[in-house]
Amino acid sequence: MPPRLYPRLLLAVLTGLNILNYIDRNVLFAVQSDVKKEFLVSDAKIGLLTSAFFFTYMFAAPLIGWVGDRFPRKNIVVFGIFIWSGFTFLTWFVHDYNQLLFRHAIVGIGEASYATIAPTLIADSFPPLKRGRMLSIFFLGLPVGSAAGYFVGGYLAHHFGSWRAPFMAAGIPGFLMALLLWMLPEPPRGEHETAAPANVRALLGGLVRNGAFVTASLGMAAYTFAIGGMQAWIPQFLIKLRGLDMRTANIDFSYIVLINGIGATLLGGWIGDRMLKRFYGAYYSFSGIAMLLAVPFMVTAIYLTGSLMFPAMFVAVFFVLVGTGPTNAALVNSVSANIRSTALAVNVFVIHLLGDAFSPPLIGWISDRTGSLQIAFWVAFAAAALSGAILLYGAKFAPRLKVQNA
C-alpha cells in the first residue's frame, strides 16, 4: 500500500473503533429498564453504573496520557481495546448488580487507553488546517456509535429476550479492529508542526495558565454534563412519559442521532475549518453559538407531546453535534505535540469529573425525589447554556498557529 494512504486508513480504523467505543457506552442506556427490573434497583443506582465507568475512565486517563507521550502510542491503544472488548463480551456472565457495576468500571480503563491517545494519532497524521474535518470524521463515532448502541440494544434485547445479548455483539468486532490497527505504522509526533517554543502550549505545568486549553476543557465539561446526563435518560423518558415500548423508543431515537449526527458532525468540521482561515478563534465561537442555539430546542423537545416532539429533538441534536469536530480540534491545537497525549488525558479527567460522571446519577436522584424526569432535565439545560458561554469566551485565547505547508 502507498505510504500516502496510511493517514486515511489510520483515520478509518480509528473511526471504526470509536464507533464501537460509543456502541458499548450506549447499549446500557438502551436496556437499562430491563436491568432495573431484573436487579430491582432504583434510578439512582442505574445512574451509578455510568458513574463507575467514568470514574475509572477519568482516573486512568492521566497515567495513560503520560505514558502515551513517552512510549509508542499504538501499542497502548491496542492494549486498551482488548480490555474494553473483552469485558464487554463477558457481560453475558453478569448475574447481579455488583458484577455489572464491576464490569462497567473495568471497561472504563480500557476505553481511557483509547480515547486519550487516538486523537493525537490523527492530529499527527494531518496538518492543523485539516484537523477540524478529520476529527469530525473520527468523532462520527459519537452519533453513529450512540445511535447504533440504542438500535443494537433495543433490537437485540427484544429479539433474543435478553439485555445481555447486545453486549456480546458489541464486544467481538473490537478484537478484529485492534489487529488491523496493529499492522499500521504510527505517525511521527508533531510531523505537521514547527518546533514548539517554551511557552504555555509546550509545558505541562503551563496547562492551568493556558486559556485556550482551560476554556476548551471547561466548555467540554459542561457539554459532557448536559449530553451525558440526557442521553442516559432519554430512552427511559420516552418509555415512561411518552408511552413508547423499549424497542420503539430506542430505534426512533437512534434514527435521530444517526441521521442528524452524521450530517451535523461533518458539516460542523467543514464550516469550522473554513472559518479558521479567517478568524483564529473560529472553533470556539462556532461551537459556543451552536450550543446556545441547542438549548431552547432541548427544552421544547422535553415538554412537547405528539408529532412535534421528535422534530424538536432532531433540531436539538443537530446543534449539539455540529460543534463536535471544531471543539475537539480547538483542544488539540491548544497544546503542542510533545505534551498532547497528557493534555488530552487531563482534559478527559476534567470533563468527566465535572461532567457525565455525576450527571446521570444526579438526574436519577432528582427524578426519584420529584417524581419527574422533566424537572430533572433542567440541570442539563443549564449546563448546555454554560458550555456555550464558556466556549464563546474561549475564542479570545485561541492560538495563532504556525504550521508547515503540507
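Preceding block: the structure.
Definitions and limits used
- Residues numbered from 1 in each chain as written.
- Predicted model: local features only at pLDDT ≥ 70, side-chain atom pairs only at ≥ 80, totals over all residues.
- Heavy atoms only, no water.
- Helix = DSSP H or I, 4+ residues; strand = E, 2+ residues; numbered from the N terminus.
- Buried < 20%, exposed > 50% of the residue type's maximum accessible area, 1.4 Å probe, protein only.
- Contact = heavy atoms within 4.5 Å.
- Areas by Shrake-Rupley, 256 points an atom, 1.4 Å probe, with all protein chains shown as cover.
- 1 Å grid on protein atoms, 1.4 Å probe; cavity = no way out; pocket = protein on both sides within 12 Å on 5 of 7 lines; lining within 4 Å.
- Points joined across faces, edges and corners; volume = space filled by probe spheres on them.
- Nonpolar A, V, L, I, M, F, W, Y, C, P; charged D, E, K, R; others polar.
- Axes fitted to C-alpha atoms, helices over the stretch in contact; angles between N-to-C directions.
- Left-handed = near helix turned anticlockwise from the far one by under 90°.
- Expected span 1.5 Å × (residues − 1).
- Bend = angle between axes of the 7 residues up to and from the residue.
- Phe/Tyr/Trp six-rings, centres within 6.5 Å; stacked < 30°, edge-to-face > 60°.
- Core = buried A, V, L, I, M, F, W, Y, C linked by side-chain atoms within 4.5 Å.

Novice: Requested: an account of the overall build of the protein, with residues and values cited.
Specialist: Of regular secondary structure, the protein possesses 17 helices and 0 strands. Each of the three principal axes of the protein carries a C-alpha extent, and together these read 55 × 40 × 35 Å. Looking at the 406 residues of the protein, the share that counts as buried comes to 60%. Long-range pairs, those at least 24 residues apart, make up 86% of the contacts in the protein with a sequence separation of at least 6. Counting only carbon and sulfur atoms, one obtains 71% of the accessible surface of the protein, whose full area is about 15600 Å².

Novice: Before we move on, could you go through helix α8 (residues 165-182) and cite the residues and values that matter?
Specialist: By the burial criterion, the buried members of α8 are Ala165, Pro166, Phe167, Ala170, Gly171, Gly174, Ala178 and Leu181. For α8, the secondary structure elements touched by its buried residues are α1 (6-39), α3 (73-89), α4 (97-115) and α7 (141-160).

Novice: Residues and numbers for empty space enclosed by the protein, please.
Specialist: Using the criterion set out here, one finds 2 cavities of 30 Å³ or more in the structure. The volume enclosed by the largest cavity comes to roughly 670 Å³. As for the largest cavity, its lining consists of 43 residues, and the residues nearest its centre are Tyr22, Phe139, Leu142, Thr224 and Ile351. If you tally residues by element for the lining of the largest cavity, the top one is helix α9 (residues 211-240), at 7 residues. Tallied by class, residues from the lining of the largest cavity come to 22 nonpolar, 18 polar and 3 charged. There is about 300 Å³ of room inside the second largest cavity. Considering the residues around the second largest cavity, the lining is formed by 17 residues, among which Ile227, Met230, Phe253, Val317 and Val320 are closest to the centre. Breaking the lining of the second largest cavity down by element, the ones donating at least two residues are α7, α9, α10 (246-276), α11 (282-303) and α12 (309-321). Per-element accounting of the lining of the second largest cavity gives the leading share, 5 residues, to α12. The class makeup of the residues in the lining of the second largest cavity is 15 nonpolar, 2 polar and no charged.

Novice: Describe in detail the packing of α11 against helix α13 (residues 324-333), supporting the description with residues and values.
Specialist: Between α11 and α13, whose axes approach to 8 Å, the crossing angle comes to 145 degrees. With respect to the hand of their crossing, α11 and α13 are arranged in left-handed fashion. Contact residues: Tyr283, Tyr284, Phe286 and Ser287 in α11; Pro326, Thr327, Ala329, Ala330 and Asn333 in α13. Taken together, the residues that form the contact of α11 with α13 break down as 6 nonpolar, 3 polar and no charged.

Novice: I'd love a proper account of helix α2 (residues 43-68), names of residues and values included.
Specialist: Its 26 residues give α2 an end-to-end C-alpha distance of 37 Å, which sits within 8% of 38 Å, the value for a rise of 1.5 Å per residue. Maximal helix bending in α2 amounts to about 35 degrees, located at alanine 61; proline proline 62 follows within four positions.

Novice: I'd like a rundown of the environment of phenylalanine 358, residues and numbers included.
Specialist: For phenylalanine 358, the position within the fold is in the loop between α14 (340-353) and α15 (359-370). Taking the C-alpha atoms as reference points, phenylalanine 358 and phenylalanine 54, 304 residues apart in sequence, are found 8.9 Å from one another. Sequence-distant contacts of phenylalanine 358, defined by excluding residues within four places in its chain, comprise Ser51, Phe55 and Leu353.

Novice: Go over the side chain of aspartate 69, please, and point to the residues and values.
Specialist: Structurally, aspartate 69 can be placed in the loop between α2 and α3. Once you skip the residues sitting within four places of it in the chain, aspartate 69 turns out to touch Arg189, Ala337, Asn338, Ile339, Arg340, Ser341 and Thr342.

Novice: Describe the packing of aromatic side chains, naming the residues involved and giving the relevant values.
Specialist: This structure, assessed with the given rule, holds 19 aromatic pairs. Ring geometry for phenylalanine 55 against phenylalanine 358: centres 5.5 Å apart, planes inclined by 90 degrees, an arrangement best described as edge-to-face. Of this pair, phenylalanine 55 sits in helix α2 while phenylalanine 358 sits in the loop between α14 and α15, placing them 303 residues apart in sequence. For phenylalanine 358, a relative accessible area of 40% gives the class partly exposed. One aromatic cluster in this structure is built from Phe55, Phe59, Phe349 and Phe358.

Novice: Could you give an account of the nonpolar core, naming the residues involved and the relevant values?
Specialist: With 123 residues, the main nonpolar core has Leu14, Tyr114, Leu181 and Phe377 as its most contacted residues. Excluding its chain neighbours within four sequence positions, the residues that come into contact with leucine 181 are Leu10, Val13, Leu14, Leu17, Lys74, Val77, Val78 and Ile81.

Novice: Explain the environment of leucine 354 residue by residue, including any values.
Specialist: With respect to the helices and strands, the residue leucine 354 is situated in the loop between α14 and α15. The sequence separation of leucine 354 and threonine 224 amounts to 130 residues, and the corresponding C-alpha distance is 8.3 Å. Residues in contact with leucine 354, not counting those within four places in the same chain, are Leu218, Ala221 and Phe225.

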